[in-house]
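One letter stands for each residue in the lines below.
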Amino acid sequence: MNKENSEYLILRNKNTYEVIIGLEVHAQVTSNSKLFSSSSTKFGAEPNTQVSLVDAAFPGMLPVINEFCVKQAIKTGIGLKAHINKRSVFDRKNYFYADLPQGYQISQFKYPIVGEGIVILDMPNGQKEVGIERLHLEQDAGKSIHDIDPQNTLVDLNRSGVALMEIVSKPDLRSPDEVNVYIKKLRSIMRYLGTCDGNMQEGSLRADVNVSVRIKGSDKLGTRCEIKNVNSIKFMQMAIHYEANRQVDLIEDGKNINQETRLFDTKKNETRSMRSKEDAHDYRYFPDPDLLPLEVTDDFIKKIKSDIPELPDEKKKRFIEKFKLSPYEATILVSDIETSKYFEDVIKESDVKLATNWITGELFAVLNDQNLEISKSPVSSKNLSKLINLIKDGTISGKIAKTVFEIMMDGDIDPQKIVEKKGLKQESDPKAIEALIKKVISDNPEKVKEYKSGKDKLFGFFVGQVMKASDGKANPQLVNDILKKKL
Amino acid sequence: MSDITSQTLSEIIKNIKEKKISSQEVTKAFVDRSEKSKLLNAFITEDFSTALEKSKIFDDKPNFDLKLPGVPMAIKDLFCTNGIKTTAGSKILNNFIPTYESTVSQNIWNEGAILLGKLNCDEFAMGSSNETSFFGNVQNPINQNLVPGGSSGGSSSALAGNLTPVTIGTDTGGSIRQPASFTGTVGLKPTYGSCSRYGIVAFASSLDQAGPMSKDVRDCSLLLEVISTYDRKDSTSIDFKRNNYSSELTNNIKGKKIGIPNEYRIDGMPKEIEELWSKGIEYVKDCGAEIIDISLPHTNYALATYYIVAPAEASSNLARYDGVKYGFRSIGKNLIDMYEKTRSEGFGDEVKRRIMIGTYVLSSGYYDAYYLKAQKVRKLIKNDFDEAYKKVDAILTPSTPSSAFKIGEKTNDPVSMYLNDIFTVPVNLAGLPAISIPGGLDAKGYPLGLQIIGKAFDEQNILNIAFAMEEKINFKNKITDWWIK
């Protein structure tokens, strides 16, 4: 394996292979009700409590499209800089399974609502564009539960009919690192738009991963395998790593790769065959006769466009231009909409440079440490900006600020009050500092002599003594200036 | 006053409103006659005692402003009825009791009608003789061992046998018009999108329409007025301005242009049908309408197209009957085994045949050759009608290529059975409204129907033409009550 230039290559017997990856991401649409029924989509409810007659496919029940979900899909399409298809068609994907009440999934096959688009990845060595093939709307299935009852499979239909967006990338990804950045970027865009919460633990974001390998430099795609339903970035990376090496081994052994669907076993860290191409389902797609083709007008799309917030790429550009942030800082601050909101709240009333450092430094460390989202930050943006202003106007030093910050975390306390209560205000009165210096000089006649005879390094000693005498509150700049004069 | 059960709906309503008879008397008359008519096997589920109770409640506090005040009515067992078993004529739904009501039946109850029971039909409305029902054959009141047509065979039998004053059926390829034709009654298939499909057990979604069946055209117009409503719960329901069909009904059709399609003169058509058609042409001329020869060039392909599109949709629509959630379930070793046993035992032969045809035509590698091509031909058939309607206001054809046949006569010959729908299926494929009215009797004394096909949403026009013709034809059904001992 060679990671130079962030490339992911597999070396075997003088052959260098590159890995071609395409993702089909299933993102749950953020909506109160399901794609074709009014049942709630809330996560974590008691089994089968959010199931309408439509979701359970009772005789004579008919689907009625949820306009909000259509808007969400179009919004996401706009966020992916993609073509919005004014006419799309819902098809039936037919197969039998216990958690698929209709015996078919309503999906979009030939005519998806969103066409080609682009996602920009910020990689360490620069930007990379990943093509989006399409985005379509479809129903989620229910859940089969095999491990509660020893004899029977239980079915929970709460998820049945929930709206999903399937976002299909082009085979443009080349490494597990790129997959990581791609998924995070997709999630970021959808969270900015409010179209998918991106919560992988709750299954709101899952992916089928298509992997193939080829000798580097070749322009022909190898036979691909599809790894189904992987639900974390780490597992996707592990699965790709395993699968790519498995395929290279087969080629090196002179064997063929079978086009097949595989499962990733998270316990054994390996992929294994689920079904071959020959056994693939014939889904017998055809247009759902219960639903008319979905037609949206230019005005409808325009209205949605006017509601689109500033997205990460644009925000990053603005942060760099307006606030003079480095691309690295900007990327970090825009990666999550809540972080960017927090940042912009803080800098409304305080210094940008200090805010950037404090958020990406102290605050991120704390959040990481306590495994918290920034929306649950123990220090509010308002109080952080107050703290920064106390530093900026010289009320406290940066060092004291760290102490104050520690205290603030215990219930988002106003830093001003902490400074007052604990008497941490910086001493900036030159007369008071002069008095302290005089005392230090008179207490240390030997050291003064040594200093005057050329031992310059002792200056730091005097600064330290003055600071100590002031309980750390003396303004370090003033201490420096006055000390120089007095010595 | 004549016997209550032989009165038309309009007569019954008039008599109830004028307090000449009560809802209880009417209901009891139909219940009594139905009790004596078990031999027809028209009912799958009887709800007589509840009907009698409801009629008493109506009489205690009558509301004569309703369009169907206290009128009892039996309906096809394809409409889901809240709390009443709904089977679609299938074993697989033999124990199914909906917790909801179809929009069409709800519209009827909202206007004061009372449910008498659920009427027999071909299994999932797949059939032209009511012989595919899990609940057995239905007798045609016209003669013993004669099929009542299908799939709304229980409906046509109950109507002609005076077990219900009017009824509703569903029509996917002729399932209202053909049984009406076989029993000397009136049946109308509305424009696709007129009547909500919500709560109707689906056969082929792009073709299914509910419609009224009645003894005369006036009753038909009144019942259509009640059931035809826009419904947001059905995405294919169309919000158009609906007429007050009964009050706007007129026999003045002077100057109307009636098209006669050359292609409906099929090979081997019985002479009697030819003659009936000619008579029909004379009647409309007598009414002052103008006859114009037209061409519907793709008629020949309609039946083949229909038997691809309808089974394709059915194969998918019927996938939900898998034993998991409701209905019949057979015990299996595992999920697949349970599916196979449930569906093998739960569905009858005709349903299985159509599921297999439908699955086949949608399969990868065959989709383009069958389903896609059928959709293209369907468009051509619709275009034929669009072209014709540039020249004419309506089209007159026979309803069926023959009169009613004997029970068992065609059960082993599905193709000959399918040919029964030859004049009716093009209308479903094109989504148009059409009405069948009795045009006369054949040599055996069996009724023959004439079909009037209209432009989309032009139900009023075909009702008016039928109304005018009805006066001229002055048809009388010859029913001897042979089944009542």
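Residues numbered from 1 in each chain as written. Chains lettered and ligands numbered in written order. Predicted model: local features only at pLDDT ≥ 70, side-chain atom pairs only at ≥ 80, totals over all residues.

### Focus: the overall build of chain B
In terms of helices and strands, chain B carries 15 helices and 11 strands. Relative to the 2.2 N^0.38 estimate, which gives 23 Å for 485 residues, the radius of gyration of chain B is 21 Å and therefore close to what a compact globule would have. With the C-alpha coordinates aligned to their principal axes, the bounding extent of chain B is approximately 65 × 55 × 45 Å. In chain B, buried positions account for 60% of the 485 residues. (Helix = DSSP H or I, 4+ residues; strand = E, 2+ residues; numbered from the N terminus. Rg over C-alpha atoms; globule rule 2.2 N^0.38 Å. Buried ≥ 20, exposed ≤ 12 C-beta atoms within 10 Å, placed from the backbone.)

### Quick notes on the overall build of chain A
When helices and strands are tallied, chain A shows 15 helices and 16 strands. Every one of the 487 residues in chain A was classed for burial, and the buried ones make up 41%. Here the analysis covers contacts within chain A between residues at least 6 apart in sequence; of these, 68% occur between residues at least 24 apart. (Contact = placed C-beta atoms within 7 Å.)

### Looking at the domain arrangement of chain A
Annotation of chain A at the domain level lists domain 1 (4–304), domain 2 (310–421) and domain 3 (430–486). Here the C-alpha centroids of domain 1 of chain A and domain 3 of chain A sit 67 Å apart. (Domains from an automatic or database assignment.)

### With respect to the sheet that holds strand β3 (residues 114–119) of chain B
Residue and element names in this part refer to chain B. Overall, mixed pairing links the three strands, which are arranged β1-β3-β2 in an open sheet. Lying at the two open borders of the sheet, with one neighbouring strand each, are β1 (43–46) and β2 (72–76). For this sheet, the mean inter-axis angle between neighbouring strands, taken without regard to orientation, is 35°. Bridge count between β2 and β3: five bridges; the pairing is parallel. Within the sheet, the bridge partner assigned to isoleucine 75 lies in β3 and is lysine 118. Strands β1, β2 and β3 of the sheet are contacted by helix α3 (residues 48–60), whose axis makes an angle of about 165° with β3. (Pairing = 2+ DSSP bridges. Axes fitted to C-alpha atoms, helices over the stretch in contact; angles between N-to-C directions.)

### Describing helix α10 (residues 398–408) of chain A
Residues and elements named next belong to chain A. Among the residues making up α10, those that are buried are Ile400, Ala401, Val404 and Met408. The arc enclosing the buried residues of α10, seen along the axis, measures out at 105°, which places them on a common side. Exposed side chains of α10 directed beyond 90 degrees from the buried face belong to Lys399 and Glu406. Elements that come into contact with the buried residues of α10 comprise α9 (381–392) and α11 (415–421). (Arc of directions from axis to C-beta.)

### Some thoughts on the environment of A:Gly142
Relative to the helices and strands, A:Gly142 resides in the loop between β7 (126–139) and β8 (143–145). Excluding anything up to four places from it in sequence, A:Gly142 contacts A:Asp99, A:Pro101, A:Val155, A:Asp156, A:Leu157, A:Arg159 and A:Ser160.

### Description of the interface of chain B and chain A
Contacts between the two partners involve 33 residues from chain B and, on the opposite side, 25 residues from chain A. Elements that contribute at least two residues to the side of chain B that touches chain A include exactly α9 (302–317), α10 (335–346) and α11 (349–362) of chain B. Examining the composition of the side of chain B that touches chain A, we find that three residues originate from one element, α9(B), more than from any other. Residue composition of the side of chain B that touches chain A, by class: 15 nonpolar, 10 polar and eight charged. (Nonpolar A, V, L, I, M, F, W, Y, C, P; charged D, E, K, R; others polar.)

### Quick notes on the sheet that holds strand β10 (residues 434–441) of chain B
Residues and elements named next belong to chain B. A sheet is described by the order of its strands in space; here eight strands give the open sequence β4-β6-β5-β10-β11-β9-β7-β8, paired in mixed fashion. The outermost strands of the open sheet, each flanked by one partner alone, are β4 (167–171) and β8 (290–294). Strand-to-strand twist in this sheet, taken as the mean axis angle between neighbours without regard to direction, amounts to 30°. The pairing of β4 with strand β6 (residues 209–214) spans five bridges and is antiparallel. By the bridge assignment for β6, threonine 170 is matched with alanine 210. Across the sheet, helix α7 (residues 217–227) is in contact with β4, β5 (186–189), β6 and β10; its angle to β6 comes to roughly 145°.

### Some words on the environment of A:Ser144
Residues and elements named next belong to chain A. Checked against the element boundaries, serine 144 lands in strand β8. By C-beta crowding, serine 144 is classed as partly exposed, having 14 other C-beta atoms within 10 Å. Residues serine 144 and lysine 71, spaced 73 residues apart in sequence, show a C-alpha to C-alpha distance of 30 Å. Contact partners of serine 144, with chain neighbours within four places excluded, come to Ala98, Asp99, Thr153 and Val155.

### Some points on the confidence of the model for chain B
Per-chain confidence: chain B averages 97 in pLDDT, with 100% of residues scoring 70 or above. In the predicted assembly, ipTM is 0.96 and pTM is 0.91. (pLDDT = per-residue confidence, 0-100.)

### Re the nonpolar core
A:Ala73, A:Val209, B:Met73, B:Ile435, B:Ile452 and B:Ala466 are the most contacted members of the largest nonpolar core, which has 212 residues in total. Those residues in contact with B:Ile435, other than ones at most four positions away along the chain, are B:Val186, B:Leu188, B:Cys220, B:Ile452, B:Ile462, B:Leu463 and B:Ala466. With 29 residues, the next largest nonpolar core counts A:Tyr342, A:Ile388, A:Val404 and A:Ile418 among its residues. (Core = buried A, V, L, I, M, F, W, Y, C linked by C-beta atoms within 7 Å.)

### Concerning the packing of helix α1 (residues 67–79) of chain A against helix α4 (residues 298–306) of chain A
Residue and element names in this part refer to chain A. Orientation of α1 relative to α4, taken along the N-to-C sense of each, is 65°, at an axis distance of 10 Å. On the basis of their axis angle, the class for α1 and α4 is roughly perpendicular. Remark: the crossing between α1 and α4 carries right-handed chirality. Across from Lys71, Ile74, Lys75 and Ile78 in α1, the residues of α4 making contact are Ile301, Ile304 and Lys305. Across the contact of α1 with α4, the residue classes break down as four nonpolar, no polar and three charged. (Parallel < 35°, antiparallel > 145°, perpendicular 65-115°, else oblique. Left-handed = near helix turned anticlockwise from the far one by under 90°.)

### With respect to the pairing of strand β4 (residues 91–94) of chain A
Residue and element names in this part refer to chain A. Side chains Asp91 and Lys93 of β4 all project onto a buried face; the interleaved residues Arg92 and Asn94 project onto the opposite face, where all are buried too. With four bridges connecting them, β4 and strand β5 (residues 104–107) associate as antiparallel partners. In the strand pairing of β5, lysine 93 is matched with glutamine 105. Here two bridges tie β4 to strand β15 (residues 286–287), and the two strands are oriented antiparallel to one another. Of the residues in β15, the one forming a bridge with arginine 92 is phenylalanine 286.

### Some thoughts on unusual backbone geometry
In this chain, B:Gly150 is followed by B:Ser151 through a cis amide linkage whose omega measures 5°. As for its position among the elements, B:Ser151 is in the loop between β3 and α5 (153–160). The backbone of A:Arg284 shows a phi angle near 45°, a positive value even though the residue is not glycine. Inspection of the secondary structure puts A:Arg284 in the loop between β14 (270–276) and β15. Residue classification places A:Arg284 among the buried residues on the basis of 25 C-beta atoms within 10 Å. Of note, the phi angle at B:Asn145 is positive, near 65°, even though the residue is not glycine.

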